[in-house]
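Secondary and tertiary structure notes
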Amino acid sequence: MTGAFHDSSFRTAIVPAAGLGTRFLPATKSVPKELLPVVDTPGIEMVAAEAAQAGAKRLVIVTSPGKEAVVNYFRSAPELEDNLERKGKTALLEKVRRGPGLLDVEVAIQEEALGLGHAVAQAEPNLTDEDRAVAVLLPDDLVLPTGVLERMAEVRGKHGGSVLCAFDIPKEQISPYGVFDVTETEDEDVKRVHGMVEKPKPEDAPSTYAAAGRYLLDRAIFDALRRIKPGSGGELQLTDAVALLIEEGHPVHIVVHRGGRHDLGTPGGFLRAAVDFALDHPDYGPSLRTWLAERIENEG
């Protein structure tokens, strides 16, 4: 299909946010993990902003019963806004309006935690005939700098099918990841995918390209999700549906992202993200940098 032109645009992004946030207990008893602030901005707003930047007009948040706060975050708050406006706090007012102004937000409910594939499938009723492809962004993954979704859309425009994001990981560190079996294309950072191995030993890994939490999936993924069998724990895995599409000749490619990432799914990763973003913040960065340097020096 190389050289052909396909509709690469997408208007709907799906964010699976139904998890219980058990690694962050007890805080997540009352505050959804996705709303914990990285400095002063919840991770889910950062992911929504990334989707909007890439052209998405609508965000479908797949959440579990009792986590309505995640969707409510994207609703306007007239009383709070009026209060800030009366007090002349325009900078804060802009921050409060930023999330709701990004794109239209809808909700899909995942009644049971039955895997990422199952979560994505819950968003299908929210789609229309115009949705020939959807983006899926995992809110635990911050991919830096933003922009990989635009690149993925370009690759879909050229090759069709589905496009996933990958990082090039040193072989000795590859075991925790899903790893792609690939062949080269004429573009060094675009590979054709032939399969995927979950959490291989370094010596068994088919490549050093590991899955990151960004997907641009052809609408055919929903048909594939209906046809795969549940794996361990009765879960439907998104990678199994992608594997089925590959088996049936559906083109799947990866874009190798030459940037950084933060894992907001663990307290340690979350702390690193907070420090990274705080160091770049004009208000907090200089004093934090000084304090960190002194703190590390005193450790020695």
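For every chain, the first residue of the written sequence is number 1, and numbering continues from 1 onward in sequence order. The model is predicted, so local features are restricted to residues of pLDDT at least 70 and side-chain atom pairs to those at 80 or more, both for listing and for counting; the totals for chains, interfaces and linings are taken over all residues. Side-chain calculation: all heavy atoms of the structure are included, whereas hydrogens and water are not.

Comments concerning unusual backbone geometry
Between Leu-25 and Pro-26 the backbone carries a cis peptide bond, its omega angle lying at 10°. One non-glycine residue with positive phi stands out, namely Lys-199, at about 50°. A helix here means a DSSP run of H or I that spans at least four residues, while a strand means a run of E at least two residues long, and both kinds are numbered starting from the N terminus. With respect to the helices and strands, the residue Lys-199 is situated in the loop between strand S10 (190-198) and strand S11 (209-218). A 1.4 Å probe rolled over the protein chains alone gives each residue an accessible area, and that area as a share of the maximum for its type sets the label: buried under 20%, exposed over 50%, partly exposed in between. With a relative accessible area of 60%, Lys-199 lands in the exposed category.

Remarks on the nonpolar core
Buried Ala, Val, Leu, Ile, Met, Phe, Trp, Tyr and Cys residues that are joined via side-chain atoms within 4.5 Å together make up what is termed a nonpolar core. Core analysis: the biggest nonpolar cluster contains 47 residues, and Ile-44, Leu-59, Ile-61, Leu-137 and Met-152 have the highest contact counts within it. Residue contacts follow a heavy-atom distance rule, with two residues in contact if any of their heavy atoms lie within 4.5 Å. If near-sequence neighbours (up to four positions away) are discounted, Leu-59 is found in contact with Ala-13, Val-15, Ala-48, Phe-74, Leu-103, Asp-104, Val-105 and Glu-106. Ranked by size, the runner-up nonpolar core spans 35 residues in total, among them Val-120, Ala-123, Ala-224 and Leu-245.

Quick word on the pattern of salt bridges
When a carboxyl oxygen of Asp or Glu lies within 4 Å of a side-chain nitrogen of Lys or Arg, that pair is called a salt bridge. Going through the model one piece at a time under the given rule, you end up with 22 salt bridges. In this structure, the salt-bridge partner of Asp-218 is Arg-156, at a minimum N-O distance of 3.0 Å. Of this pair, Asp-218 sits in strand S11 while Arg-156 sits in helix H6 (residues 148-159), and the two are 62 residues apart along the sequence. The class for Arg-156 is buried, based on a relative accessible area of 5%. Taken together, the salt bridges that share partners define one network made up of Arg-11, Arg-58, Glu-106, Glu-130 and Asp-131.

Comments concerning the packing of helix H7 (residues 220-227) against helix H8 (residues 238-247)
Orientation is described by lines fitted to C-alpha atoms, with helices fitted over the stretch in contact, and by angles between N-to-C directions that extend from 0 to 180 degrees. Between H7 and H8, whose axes approach to 9 Å, the crossing angle comes to 110°. By the angle class used here, H7 and H8 are roughly perpendicular. Across the interface between the two elements, Ala-220, Ile-221, Ala-224, Leu-225 and Arg-227 from H7 touch Leu-238, Ala-241, Val-242, Leu-244 and Leu-245 from H8. For this classification, the nonpolar set comprises Ala, Val, Leu, Ile, Met, Phe, Trp, Tyr, Cys and Pro, the charged set comprises Asp, Glu, Lys and Arg, and every other residue, Gly included, is treated as polar. Along the lines of polarity and charge, the residues of the contact of H7 with H8 split into nine nonpolar, no polar and one charged. Should an angle fall under 35 degrees it is called roughly parallel, over 145 degrees roughly antiparallel, and 65 to 115 degrees roughly perpendicular, with every other angle called oblique.

Nothing here speaks to function; it is geometry throughout.
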